[in-house]
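Read off the chains here:
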Amino acid sequence: MHRVLISDPLSEDGIKPLLEAADTEVIQKPSMEKEELLEEVAKADALIVRSQTQVTKEVLEHGVNLKIVGRAGVGVDNIDLDAATDNGVVVVNAPDGNTISTAEHTMAMLMSMARNIPQAYHSLQQGNWDRKKYVGVELKNKTLGVVGFGRIGRVVTRRAKGHRMNVIAYDPFLTREKAEKAGVEHGTLDEVLALADFITVHTPLIAATHHLINKDAFAKMKNGARILNCARGGIIEEEALYEALQSGKIAGAALDVFEEEPAINNKLLELPQVVSVPHLGASTVEAQENVAVDVSNDVMEVLRGGNAKQPVNIPSIPEEMQDKLTPYITLSEKLGAFLGSIVRGGLNNINVYYSGELTDVDPTPLTRKVVKSVLQLFVGNRVNDVNSYKIAKDKGIEINEQKTTSTKGFTNLLTVELETDEETRSIAGTLLNGLGARVVRLDGYSVDVIPEGHLISIHHKDQPGAIGRVGSLLAEHDVNIATMQVGRTDIGGAAIMILTIDKEVGPECQEHLAHVEDINRVQYLKL
Ligand SMILES: NC(=O)c1ccc[n+]([C@@H]2O[C@H](COP(=O)([O-])OP(=O)(O)OC[C@H]3O[C@@H](n4cnc5c(N)ncnc54)[C@H](O)[C@@H]3O)[C@@H](O)[C@H]2O)c1
Ligand SMILES: O=C(O)[C@H](O)COP(=O)(O)O
C-alpha cells in the first residue's frame, strides 16, 4: 500500500484518481506545523504540495521512504531540488494545468489596476461617491511588456492583444523569428523596460530572476509605468518597488505574489496605488482540478514503478520516444547489473555505447538506467534514477555516452564498459524482436545469453575437459545447468563460458570451481 501525504489544500475532484486507487492510502493534512510534517513525511511514500509547504532538505531527509514529491502547480521554488535529488526523490510538477487561470488572473489584475477598481470599491463601501479620484487609463494602444514568454506569458499576450495592446516580449529563449510568429515585438530586457506602459513578469523564481526588476530596472522604465507580478515574489525587488511608487516614478503595481508569504505586514499593501491579492493566480475550480489530476496521475505512475511524465529534477523521456525507449530500459538495467556484478576493483568510468537504431534517439534515459544498475552494486539500493548521476559525480566516477556505427550485425546494440582501477570489462546486449533482452558479447567474446535468473560467468583456458570438469563439480553441489554458452578467441586460448543454473551457487562451490584445472575466474550473479 502506497502512503500519499497531501500537505496543502487540493481539489477533491482532482485527487479522485488517488482516493479511488486500491493501492494508495491518502492522508490529507493541509497547514501542518513543521514537527507534524516531519512526523508524517517519515511515513509517506509520496508527498503532494502546492506553494505553501516548504519541502526543505530536513523534510526530505525525514522522508526515508519518500519516492516522489508532486507539486500541484508550476513553481517548485518551495522545494529543495538538490536535496530531493541527493535523497533519490523525483520531483514532478503540473506545468499546464493552471496556465489559463493565471493568465486570466493577470488580465484581471491589469484591468483592476488600470481602472482603480479595488480602491474605488473600498471607497464606495466606506460611503464615498468619489468619481474624480479614480480616473483610470485605457489599455488600447498601450504597450504591454512581457518578461518571461512561456506558457502564461504567451496566453497573457494573446489576451492583451485582444484589448488592442501592443506587446513587446523579453525571454532569453525567445528569438526574433519566434516573436514574429507569436505576433509580438522582440526586445531585450532594457527595451521592454523603456517602451512598456505596463510590465508583467512571468518567469520562474530562480537565481537569474531573483530581483530581476530592481532599482536599476525601475530607473529604465517610462515615468508613470505600471507593473504586475502574478509569477513569484522576489522577481520584483519589493524595496525598490516601494521607493519607485513613493517617488511617483511608477504609477501603480498589481501584486499576486510576494517575497514573503503570507504577506501580512508588507508595507506595499499600505500604498493606495497597489492592487494586491493573496497568491490567487491558480485559485480557480478548473485550475485546481487540472493540477491535482495531473500530479495525482504522475505520483501513482511513479509509485507503481513507472516513469514520471513531468519530472523536474531528472530529464524526462519525451512522450514521442517513450514507446521506442521503454523496451530498452530492461536491457540497460540488465547489462549494467550483469557487468557491475562481475567487475573487480574501484569504479572509475562507466562508458555506454549505442549503435544501430539506438543512434536515432536520445539515449540518456537508458544511460541513466545503466548507471543506476551499476552503482546499486557499489553503493546499495539508495541509488536510483534520480540520484545516480549525482552519486557518480560525488564519487568521481565518469559517465561517458557515445553513439557508434559498429553494430556487430545487430539492428540495435547497447554496449556497457566499466573501467576500474584493476581492469576494464565490457558487455553488449541487444533486443531481439519478441524475444526480449539478450547478452551477445562479454569481454569481446560472442555469446547468446538471456540476462535473468542465476548465472555463472567463467573465464577459462580452451582445453578439452574444462567444460566437463565444471559440469561435474556443479553436479557434486547439486546445481543443475539450464543453459551453457561458450565463447573463445582462438583454439587453445582464452575462453569464456556463461551458465544459467537453477539455483544460487554458494561461496564454497564458487571456491571449488575456481580451483578446477584450466579455470581462471568464476563469478556468480543473480539478475
Ligand atoms: N501566481 C500564481 O498563482 C502562479 C500560477 C502559475 C505559475 N506561476 C509562476 O509563473 C511562472 C511562469 O509560469 P509558466 O507556466 O509560464 O512557466 P514557463 O516555464 O512556461 O515559462 C517561464 C518562462 O520564463 C523564461 N525565463 C527564464 N528565465 C528568464 C529570465 N531571466 N528572463 C526572462 N525570462 C526568463 C523561460 O525561458 C520561460 O519561457 C512559474 O514559474 C510560477 O512560478 C504563478
Ligand atoms: O506556481 C504555481 O503553480 C502557482 O504559484 C500556484 O501556486 P499554488 O498552488 O500555491 O496556488
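Parameters at a glance
- As a convention, each chain's residues are numbered from 1 in the sequence order in which they are written.
- Going through the entries in the order they are written, you letter the chains from A and number the ligands from 1.
- Local features in this predicted model are restricted to residues of pLDDT 70 or higher, and side-chain atom pairs are both shown and tallied only at a pLDDT of 80 or more, whereas totals for entire chains, interfaces and linings draw on every residue.
- Side-chain measures were taken over the full set of non-hydrogen atoms in the model, leaving aside hydrogen atoms and water.
- Comment: elements are numbered from the N terminus, with helices defined as DSSP H or I runs of at least four residues and strands as E runs of at least two.
- Salt bridges, as used here, are contacts in which a Lys or Arg side-chain nitrogen is within 4 Å of a carboxyl oxygen on Asp or Glu.
- Burial status follows relative accessibility: with a 1.4 Å probe on protein chains alone, a residue under 20% of its type maximum counts as buried, one over 50% as exposed, and anything between as partly exposed.
- Two aromatic rings from Phe, Tyr or Trp, using only the six-membered ring of Trp, form a pair when their centres are within 6.5 Å; if the ring planes differ by under 30 degrees the pair is stacked, by over 60 it is edge-to-face, and anything between is tilted.
- Over a ring means this: the NZ of a Lys or the CZ of an Arg is within 6 Å of the ring centre and within 35 degrees of the ring normal.
- Pairing between strands is defined by DSSP: at least two bridges between them are needed.
- It only takes one pair of heavy atoms within 4.5 Å for two residues to be counted as in contact.
- The axes used here are C-alpha line fits, helices contributing only the stretch in contact, and every angle between their N-to-C directions lies in the interval 0 to 180 degrees.
- Orientation is classified from the angle alone, with under 35 degrees giving roughly parallel, over 145 giving roughly antiparallel, 65 to 115 giving roughly perpendicular, and any other angle giving oblique.
- By definition, turning the near helix anticlockwise from the far helix through less than a right angle yields a left-handed crossing, and turning it clockwise yields a right-handed one.
- Throughout, the ten residues Ala, Val, Leu, Ile, Met, Phe, Trp, Tyr, Cys and Pro are labelled nonpolar, Asp, Glu, Lys and Arg are labelled charged, and all others, Gly among them, are labelled polar.
- Definition of nearness: a residue and a molecule or strand are near each other if at least one heavy atom of the residue lies within 4 Å of the molecule or strand.
- Between N or O atoms, a polar contact is any pair within 3.5 Å; within protein, one atom must be a potential hydrogen donor and the other a potential acceptor, and residues adjacent in sequence are included only when both atoms are from side chains.
- The Shrake-Rupley method, run with a 1.4 Å probe sphere, supplies the accessible areas, and residue values consider only the shown protein chains as cover.

Caption draft 1: Up close: the environment of G506. Inspection of the secondary structure puts G506 in the loop between β21 (494-501) and α17 (507-514). Between the C-alpha atom of G506 and that of K161, which follows or precedes it by 345 residues, the distance is 74 Å.

Caption draft 2: How the structure looks around the pattern of salt bridges. Counted according to the given criterion, the structure contains 29 salt bridges. A salt bridge links R151 to D96, with the shortest nitrogen-to-oxygen separation between them at 2.8 Å. Pair noted here: R151 is in helix α7 (residues 151-162) and D96 is in the loop between β5 (90-93) and α5 (99-114), with a separation of 55 residues, a long-range link. The class for R151 is partly exposed, based on a relative accessible area of 45%. The partner of D197 in a salt bridge is K222, with the nearest N and O atoms 2.7 Å apart. Residue D197 is found in the loop between α9 (189-195) and β9 (198-201), and its partner K222 is found in the loop between α10 (215-220) and β10 (225-229); the two are separated by 25 residues along the sequence.

Caption draft 3: Main features of the packing of aromatic side chains. Applying the stated criterion to the full structure yields zero aromatic pairs. A cation over a ring is seen here: K267 above Y242, with NZ or CZ 4.4 Å from the ring centre.

Caption draft 4: Examining the sheet that holds β9 more closely. Read from one edge to the other, the open sheet built from seven strands follows the order β8-β7-β6-β9-β10-β11-β12, with strand pairing classed as parallel. For this open sheet the edge positions go to β8 (185-186) and β12 (274-276), each flanked by a neighbour on one side alone. By the bridge criterion, four bridges tie β9 to β10 in an arrangement that is parallel. Residue pairing for β10: T200 is matched across the bridge by L228. Sheet strands in contact with α5 are β9, β10, β11 (250-255) and β12, and its direction is about 145° off that of β10.

Caption draft 5: Fine view of the packing of helix α13 (residues 319-342) against helix α14 (residues 364-379). Taken N-terminus to C-terminus, the directions of α13 and α14 make an angle of 30°; their axes are 8 Å apart at the nearest point. What the angle tells us is that α13 and α14 run roughly parallel. Relative to α14, α13 is oriented so that their crossing is right-handed. Of the residues in α14, those in contact with L325, Y328, I329, S332, E333, G336, A337, G340 and S341 of α13 are P365, L366, K369, V370, K372, S373, V374, L377 and F378. A per-class count over the contact of α13 with α14 returns 10 nonpolar, five polar and three charged.

Caption draft 6: Quick look at the sheet that holds strand β1 (residues 2-6). Read across the sheet, five strands follow the order β2-β1-β3-β4-β5 without closing on themselves; strand pairing throughout is parallel. Every other strand in the sheet has two partners, leaving β2 (24-28) and β5 as the edge strands with one partner each. Mean inter-strand twist for the sheet, computed between neighbouring axes without regard to direction, equals 20°. Relative to strand β3 (residues 46-49), β1 runs parallel, the two being bridged by three bridges. Looking at β3, one finds that I6 is bridged to I48. The sheet strands contacting helix α2 (residues 34-41) are β1, β2 and β3, and the helix crosses β1 at an angle near 160°. Packed on one face of the sheet, helix α12 (residues 285-303) meets β1, β2, β3, β4 (68-71) and β5 and runs near 170° to β4.

Caption draft 7: Molecular detail of the site of ligand 1. The local shell around ligand 1 holds 25 residues, among which R151, I152, D171, F173 and D256 are the closest. Take I152: an N or O atom from its main chain is 2.9 Å from an oxygen atom of ligand 1. At a separation of 3.5 Å, an oxygen atom of ligand 1 approaches a polar backbone atom of G281. Here ligand 1, which alone exposes 860 Å², has 88% of that area covered by the protein. For the shell around ligand 1, the class distribution of residues is 11 nonpolar, 10 polar and four charged.

Purely geometric numbers; function is a separate question.
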